[in-house]
Amino acid sequence: MVPFAGYELPVQYPTGVMAEHTQCRERAALFDVSHMGQISLHGADAAAALETLVPGDMLGIKPGRQRYTVFLDEAGGILDDLMVARHGERLLLIVNASRKDADAQHLATRIPQIAAERHEDRALLALQGPAAVTAMARLSPQAAMLGFMQVAELTIAGIPVWISRSGYTGEDGFEISVPGADAEALAEKLLAEPEVMAAGLGARDSLRLEAGLCLYGNDIDELTTPVEANLNWTIAKRRRESKDFPGAVPIMDQLANGPTRLRVGLRPEGRAPARAETVIAAADGTAAGTVTSGGFGPTAGTPIAMGYVRRDLANEGQALDLLVRGKALPARVTALPFVPHRYAR
């Protein structure tokens with residue numbers, strides 16, 4: 001157990017990170033992510049109000065669907081990344097644990113006319129992997145029929161849940177919001193399925209890194225714009241035309257002229273991993289950027305990393321040096337993700 005965002009969470013179970021990572025890639029793994037924040041916005045005007053805080057098309061989210069977006073400040077910095085699901089007129093926001101108090105305050109301050117309900121009494125479980133749908137089909141055939149990024153309110157083994165066909169591992173799977181009182185029973189039912197094994201934070205981190213997915217506080221933060229983070233797709237076409245989102249002026253300038261730095265994938269040569277905060281240097285020795293996430297990719301079979309580099313050094317195949325413990329280790333810029341996504345389509 002390790003401290004994480006004010007919680008004690010399992011970094012691994014007895015089988016270990018490598019086995020849990022492989023389990024998720026090959027079969028199915030269950031993660032307890034109850035530390036994440038769950039907030040409902042109520043009312044017919046909730047989507048329009050939320051659009052004043054994000055660059056995405058919230059009005060376009062149809063009932064039973066969800067989208068990824070980011071809260072922005074006036075400088076274009078990312079305050080948090082989140083999922084937004086529409087359940088009728090209610091919007092359910094899943095936000096990061098380290099930001100949920102700040103996010104709730106942000107909502108109360110910026111859109112006080114919208115009723116925001118924090119669900120501190122609910123847990124969140126993530127069932128991920130190619131066999132997740134096989135296990136789910138036995139317990140809830142309705143859930144197993146959901147398409148990618150669809151959401152529903154239904155039951156699993158008789159337990160009422162809010163469920164989405166999504167996740168943060170690059171694999172197919174489900175995220176399940178369940179009343180806290182029922183969470184242990186639901187977890188036990190899922191773990192009783194032959195395809196499923198428990199997995200902790202270590203595997204969750206290596207899986208999302210291989211999938212090229214950002215971790216808030218590491219790869220994105222208030223000093224990072226969506227353009228720098230290569231998250232341009234979160235800025236909806238309609239919002240680019242209206243330019244009515246926070247930070248629109250600097251973000252539109254970056255879209256037109258390019259940012260000074262970009263998030264890229266990095267593949268170190270050899271077997272030594274480059275961890276977060278590792279300095280990146282250009283071939284001529286000048287400063288190039290910094291690693292934000294790094295480690296060994298069990299499925300990739302090699303050390304992998306993500307970081308920000310000068311735009312002129314962000315082309316695929318660009319040779320760079322990673323300064324690990326005072327030694328320059330060669331690396332190259334590589335396309336993301338390191339392991340192909342296998343979401344249900």
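Residues numbered from 1 in each chain as written. Predicted model: local features only at pLDDT ≥ 70, side-chain atom pairs only at ≥ 80, totals over all residues. Heavy atoms only, no water.

Participant: Run through the overall build of the protein chain, naming residues and quoting values.
Facilitator: Summing up its helical and strand segments, the protein chain has nine helices and 19 strands in all. The globule rule puts the C-alpha radius of gyration for 345 residues at 20 Å, and the 20 Å found for the protein chain is close to it. For the protein chain, the proportion of its 345 residues judged to be buried stands at 56%. Excluding contacts between residues fewer than 6 apart, the proportion of contacts in the protein chain whose partners are at least 24 apart in sequence is 67%. When the accessible surface of the protein chain is summed, it comes to about 14500 Å², and 54% of that surface belongs to carbon and sulfur atoms. (Helix = DSSP H or I, 4+ residues; strand = E, 2+ residues; numbered from the N terminus. Rg over C-alpha atoms; globule rule 2.2 N^0.38 Å. Buried < 20%, exposed > 50% of the residue type's maximum accessible area, 1.4 Å probe, protein only. Contact = heavy atoms within 4.5 Å. Areas by Shrake-Rupley, 256 points an atom, 1.4 Å probe, with all protein chains shown as cover.)

Participant: Outline the sheet that holds strand E14 (residues 261-268), supporting the account with residue identities and numerical values.
Facilitator: Within the closed barrel, the six strands sit side by side as E14-E17-E16-E15-E18-E19. Their pairing is antiparallel. Between one strand and the next, the sheet's axes are offset by a mean angle of 40°, whatever the strand orientation. Here three bridges tie strand E15 (residues 279-281) to strand E16 (residues 287-297), and the two strands are oriented antiparallel to one another. Note that in E16 the partner of isoleucine 280 across the bridge is glycine 289. Sitting on the sheet, helix H7 (residues 201-210) touches E16 and strand E17 (302-310), and the angle it makes with E16 is about 125°. (Pairing = 2+ DSSP bridges. Axes fitted to C-alpha atoms, helices over the stretch in contact; angles between N-to-C directions.)

Participant: An account of the nonpolar core is needed here, citing residue identities and associated values.
Facilitator: Where a protein is soluble and globular, its nonpolar side chains tend to be buried together. Of all hydrophobic cores here, the largest spans 37 residues; its most connected members are Phe31, Ile78, Ile220 and Phe245. When residues of this core are traced back to their parent elements, those giving at least two are strand E3 (28-32), strand E5 (66-72), strand E6 (78-87), strand E7 (90-95), strand E9 (122-128), H7 and helix H9 (248-257). Apart from the residues lying within four places of it in its own chain, the contact partners of isoleucine 220 are Tyr68, Ile78, Asp81, Cys214, Leu215, Ala229, Leu231 and Tyr308. Core analysis: the next-biggest nonpolar cluster, separate from the first, contains 26 residues, Leu30, Ala123, Ala131 and Leu186 among them. (Core = buried A, V, L, I, M, F, W, Y, C linked by side-chain atoms within 4.5 Å.)

Participant: Could you give an account of the pairing of E9, with specific residues and numbers?
Facilitator: Most of E9 is tucked away: seven of the seven residues are buried. Burial along E9 is two-sided: the face carrying Arg122, Leu124, Ala126 and Gln128 and the face carrying Ala123, Leu125 and Leu127 are both buried. Two strands pair when backbone bridges link them, and E3 and E9 are joined in this way by four bridges, in the antiparallel orientation. By the bridge assignment for E9, phenylalanine 31 is matched with alanine 126. In the sheet, E9 pairs with strand E12 (residues 173-179) via seven bridges, with the strands oriented antiparallel. Each bridged residue has a counterpart across the sheet, and for alanine 126 the counterpart in E12 is glutamate 175.

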